[in-house]
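If you want the building blocks of each chain, they are given just below.
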Amino acid sequence: MHDTVRLSASSLQQTILETLHNYYQLTKPRIIPLLLITTAASMWIASKGEVDALLLLVTLTGGTLAAASAQTLNCIYDLDIDYAMVRTRKRPLPSGKVQPRHALIFAIVLAGLSFSILTVFANLQAALLAMAGIVFYMAIYTHILKRNTPQNIVIGGAAGSIPPLVGWVAVTGELSWAAWLLFGLIFLWTPPHFWALALMIREDYASVNVPMLPVVAGEEETTRQIWIYSLLVVPVSLLLVYPLGVCGAVYACFALGLGAIFLQKAWELLQAPTDLGLAKSMFKYSILYMMALCTGMVVDSLPVTHAIVRAGSSHLETLMAAVLNFS
Ligand code: HEM
Ligand SMILES: CC(C)=CCC/C(C)=C/CC/C(C)=C/COP(=O)(O)OP(=O)(O)O
């Protein structure tokens, strides 16, 4: 008797854990941390390094819920192609672990929670922007563009560029040039990020007639486009330093160093468009690049960094003066 009760309690526990895991997988959780990192970096710059911890927490929570809702809706809409592609067929919907009806309710609840949290604890503008992100990702990218044009991820990339706008508006209540520049930076970064991956999985997309650039235009044209967007990403990343002046010398070092490697990887890929090892390296580096660049923004904005830079430059001035006097 006791054994039967223990057995059914443990199988109930297992079912609950499996269900939670399935719903978690619906949200494509591996992508969300980088979306949050861009939001956090934007908040740090907007608050000049003195971000309110509670505001940061609620904005990242609201952002997580909005992104999770968007990804769940995308999983519902793309069920047919996710079922046909090797990479995606084990997702919770195509594998039958979650019913589309339940996924829809889940997505609506997530969006509702996101909107409420952002409205109550941040502001209405931030909540509306997060909802605009969901609508753009679903209506413009997933519905209109994804299956119809190789420019799908260029225009659709705007959805993934919204999180820093949410962060900025949560802090300041308005959108400045710097916020739009962060938007533009992620917008321009998305094609090299995604097309490098698409070079590796183009057979999958071809098999379901999704016209990703490598499927439609081939490897050479794709690597040429990756190179062009990479050439834009690096100078745009530096506009935060000049003329906008919202980031300083420490960030400039991050942007130059990381940007040089970004360009090197894109150049190597341009020289060998069919080398999937190089494509993989470019894709992985694109993620590391954005993480490290955002880290650079945060470090640069901290008051302690400003103090160190000021102390360093005044020592340098003293040293220079001493050298000049001596000579
Ligand atoms: C339209 C724009 C974008 C498209 C189409 C796209 C597409 C993809 C795809 C298909 C994957 C592989 C995921 C998988 O196999 O499940 C991926 C991975 C990833 N994406 Fe993007 N992406 C876009 C924008 C972004 C943005 C804006 C970010 C964050 C700022 C981002 C962050 C990531 C990360 C971190 C991964 C790696 C996940 C892992 O570790 O497997 N992506 N992306
Ligand atoms: C503010 C807010 C809520 C923004 C939402 C932004 C968002 C969810 C961006 C994600 C972009 C992304 C990873 C697309 C994956 O493409 P795909 O779905 O075509 O990939 P797949 O081939 O793996 O299904």
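Everything quoted here is computed from the prediction, not taken from an experiment.

## Observations concerning the overall build of the protein chain
Item 1. What the protein chain contains, in helices and strands, is 14 helices and 0 strands.
Item 2. In sequence order, the secondary structure elements of the protein chain are arranged as α-α-α-α-α-α-α-α-α-α-α-α-α-α.
Item 3. Summarising its shape, the C-alpha atoms of the protein chain cover approximately 90 × 50 × 40 Å along the three principal directions.
Item 4. Residue burial in the protein chain is summarised as follows: out of 327 residues, 47% are buried.
Item 5. Across the protein chain, the mean location of the 18 positive side-chain charges is 7 Å away from that of the 17 negative side-chain charges.

## Some thoughts on the layout of surface pockets
Item 1. If you add up the space inside the second largest pocket, you get close to 300 Å³.
Item 2. Every residue lining the second largest pocket is counted, 16 residues in all, and those nearest its centre are Val246, Cys247, Gly248, Asp300 and His306.
Item 3. When contributions to the lining of the second largest pocket are tallied by element, the ones reaching two or more residues are α2 (32–46), α12 (249–271), α13 (276–301) and α14 (303–326).
Item 4. The leading source of residues in the lining of the second largest pocket is α14, at 4 residues.
Item 5. In terms of residue class, the lining of the second largest pocket is made up of 8 nonpolar, 5 polar and 3 charged.

## Remarks on the coordination of the iron atom of ligand 1
Where a metal carries four tetrahedral donors, each ideal angle is 109.5 degrees; where it carries six octahedral donors, the ideal angles are 90 or 180 degrees.
Item 1. For the iron atom of ligand 1, the sole protein-derived donor is His193 (NE2), lying 2.2 Å away.
Item 2. In this structure, His193 sits in helix α9 (residues 177–200).

## Some thoughts on the site of ligand 2
Item 1. Around ligand 2 sit 19 residues in total, of which Arg87, Arg91, Tyr137, Tyr141 and Lys146 are the nearest.
Item 2. At 2.8 Å from an oxygen atom of ligand 2 is found a side-chain nitrogen or oxygen belonging to Lys146.
Item 3. Within the contact set of ligand 2, an oxygen atom lies 2.9 Å away from a side-chain nitrogen or oxygen of Tyr205.
Item 4. Look at ligand 2: alone it shows 630 Å² of surface, and the protein chains cover 88% of it.
Item 5. When residues of the shell around ligand 2 are traced back to their parent elements, those giving at least two are α3 (53–77), α6 (124–145) and α7 (152–160).

## A closer look at α13
The periodicity of an α-helix, 3.6 residues per turn, causes residues three or four positions apart to be oriented the same way.
Item 1. Taking 1.5 Å as the rise per residue, α13 with 26 residues should run 38 Å; its terminal C-alpha atoms sit 38 Å apart, in good agreement.
Item 2. For α13, the capping residue at the N-terminal end is Asp275, with a side-chain oxygen 2.9 Å from the backbone nitrogen of Gly277.

## Structural notes on the environment of Leu239
Item 1. With respect to the element layout, Leu239 can be found in the loop between α11 (213–238) and α12.
Item 2. By relative accessible area, which is 33% here, Leu239 ends up partly exposed.

## Things to note about a nonpolar patch on the surface
Item 1. Together, Leu12, Ile16, Leu17 and Leu20 give the surface a local cluster of nonpolar side chains, amounting to about 420 Å² of exposed area.
Item 2. Counting through the fold element by element, Leu17 comes out in helix α1 (residues 2–26).
Item 3. Under the relative-accessibility criterion, Leu17 is labelled exposed at 54%.

## Quick look at the site of ligand 1
Item 1. Neighbouring ligand 1 are 20 residues, the closest being Arg30, Arg87, His193, Phe194 and Leu197.
Item 2. Take Arg30: an N or O atom from its side chain is 2.8 Å from an oxygen atom of ligand 1.
Item 3. Contact distances for ligand 1 include 3.0 Å between a nitrogen atom and a side-chain N or O atom of His193.
Item 4. Sorting elements by how many residues they give to the shell around ligand 1 places α9 first, with 6 residues.
Item 5. Along the lines of polarity and charge, the residues of the shell around ligand 1 split into 12 nonpolar, 5 polar and 3 charged.

## What to know about the confidence of the model for the protein chain
Item 1. When pLDDT is averaged along the protein chain, the result is 96, and 99% of the positions lie at 70 or above.
Item 2. Here the predicted complex carries an ipTM of 0.95, next to a pTM of 0.94.

Cut-offs used in this document
- Residues numbered from 1 in each chain as written.
- Chains lettered and ligands numbered in written order.
- Predicted model: local features only at pLDDT ≥ 70, side-chain atom pairs only at ≥ 80, totals over all residues.
- Heavy atoms only, no water.
- Helix = DSSP H or I, 4+ residues; strand = E, 2+ residues; numbered from the N terminus.
- Buried < 20%, exposed > 50% of the residue type's maximum accessible area, 1.4 Å probe, protein only.
- Lys, Arg positive; Asp, Glu negative; His and termini not counted.
- Charge placed at Lys NZ, Arg CZ, Asp CG, Glu CD.
- 1 Å grid on protein atoms, 1.4 Å probe; cavity = no way out; pocket = protein on both sides within 12 Å on 5 of 7 lines; lining within 4 Å.
- Points joined across faces, edges and corners; volume = space filled by probe spheres on them.
- Nonpolar A, V, L, I, M, F, W, Y, C, P; charged D, E, K, R; others polar.
- Donors = N, O, S within 2.8 Å, 3.2 Å for Na, K, Ca; no water.
- Near = heavy atom within 4 Å.
- Polar contact = N/O pair within 3.5 Å; in protein donor to acceptor, adjacent residues only side chain to side chain.
- Areas by Shrake-Rupley, 256 points an atom, 1.4 Å probe, with all protein chains shown as cover.
- Expected span 1.5 Å × (residues − 1).
- Patch = residues over 30% accessible without salt bridge, like charges linked within 9 Å, V, L, I, M, F, W, Y side chains within 5 Å.
- Salt bridge = Lys/Arg side-chain N within 4 Å of Asp/Glu carboxyl O.
- pLDDT = per-residue confidence, 0-100.

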